[in-house]
Amino acid sequence: MAVTGWTAFAGIMMIFGGIMAVFQGIAAIADDDLLVATRNYTFQWSLTGWGWMHLVIGIVVTLAGFALFSGQLWARIVGVTVAGLSMLANFAWLPWYPFWAITLLVVDGFVIWALCARTGTDA
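Residues numbered from 1 in each chain as written. Predicted model: local features only at pLDDT ≥ 70, side-chain atom pairs only at ≥ 80, totals over all residues. Heavy atoms only, no water.

A. Seen up close, the side chain of S86. Assignment of secondary structure puts S86 in helix α3 (residues 73-92). Classification of S86 by relative accessible area gives buried; the value is 4%. The residues touching S86, leaving out its near neighbours within four places in the chain, are I57, V61 and D108. (Helix = DSSP H or I, 4+ residues; strand = E, 2+ residues; numbered from the N terminus. Buried < 20%, exposed > 50% of the residue type's maximum accessible area, 1.4 Å probe, protein only. Contact = heavy atoms within 4.5 Å.)

B. Seen up close, the packing of aromatic side chains. One pass over the structure, following the stated rule, counts 3 aromatic pairs. Measuring from ring centre to ring centre gives 5.4 Å for W6 and F9, while their planes differ by 85°; the resulting arrangement is edge-to-face. Here W6 pairs with F9, and both are found in helix α1 (residues 5-30), just 3 residues apart, close to one helical turn. With relative accessibility at 28%, the residue F9 sits in the partly exposed group. Between the aromatic rings of F99 and W100, the centroid separation amounts to 5.5 Å while the plane-to-plane angle is 70°, which identifies the pairing as edge-to-face. Taking the relative accessible area as the measure of exposure, F99 reaches 58% and is therefore exposed. Relative accessible area serves as the criterion here: at 32%, W100 is assigned to the partly exposed category. An aromatic cluster is present here, built from W6, F9 and W113 joined pairwise through their rings. (Phe/Tyr/Trp six-rings, centres within 6.5 Å; stacked < 30°, edge-to-face > 60°.)

C. Main features of α3. Here α3 spans 29 Å end to end across 20 residues, near enough to the 28 Å set by a 1.5 Å rise per residue. Among all positions in α3, only A75, R76, G79, V82, A83, S86, A89, N90 and A92 are buried. Buried residues in α3 make contact with α1, α2 (47-67) and α4 (98-116). (Expected span 1.5 Å × (residues − 1).)

D. Inspection of the side chain of H54 at higher detail. Relative to the assigned elements, H54 resides in helix α2. In this structure H54 touches A21, V22, Q24, G25, A89, N90 and W93, once residues within four positions along its chain are discounted.

E. A look at the packing of α1 against α2. The interhelical angle for the contact between α1 and α2, taken along N-to-C directions, is 160°, at an axis separation of 7 Å. Relative to α2, the element α1 lies roughly antiparallel. In this structure, α1 crosses over α2, and the sense of that crossing is left-handed. Residue composition of the contact of α1 with α2, by class: 15 nonpolar, 10 polar and no charged. (Axes fitted to C-alpha atoms, helices over the stretch in contact; angles between N-to-C directions. Parallel < 35°, antiparallel > 145°, perpendicular 65-115°, else oblique. Left-handed = near helix turned anticlockwise from the far one by under 90°. Nonpolar A, V, L, I, M, F, W, Y, C, P; charged D, E, K, R; others polar.)

In structure tokens form, the structure reads like this:
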């Protein structure tokens, strides 16, 4: 079954967002000193830990984005779930890369909306 409209949009955005999260993870794992750590936030983990979290979530989000093109209901459910997890991870990423974190928060929000909305163009 071919997908159209908002499901295709969600799949493409998940692939984009997942790849960006993978790049964030690689940057944090490769060089802890690349990012600026501040002490004005309520949570504090090592950047390497954040990097691994973003790398894993980014891979899962990218794969789920590709799965959306199968047109299956389970792919939508997985898509909403991993987009929500990606939102949480990017919210936690705000102290280090606020521009990218906000960008991916917005992308994930649109993905969740696109997968939950019934616009009549998708089954």
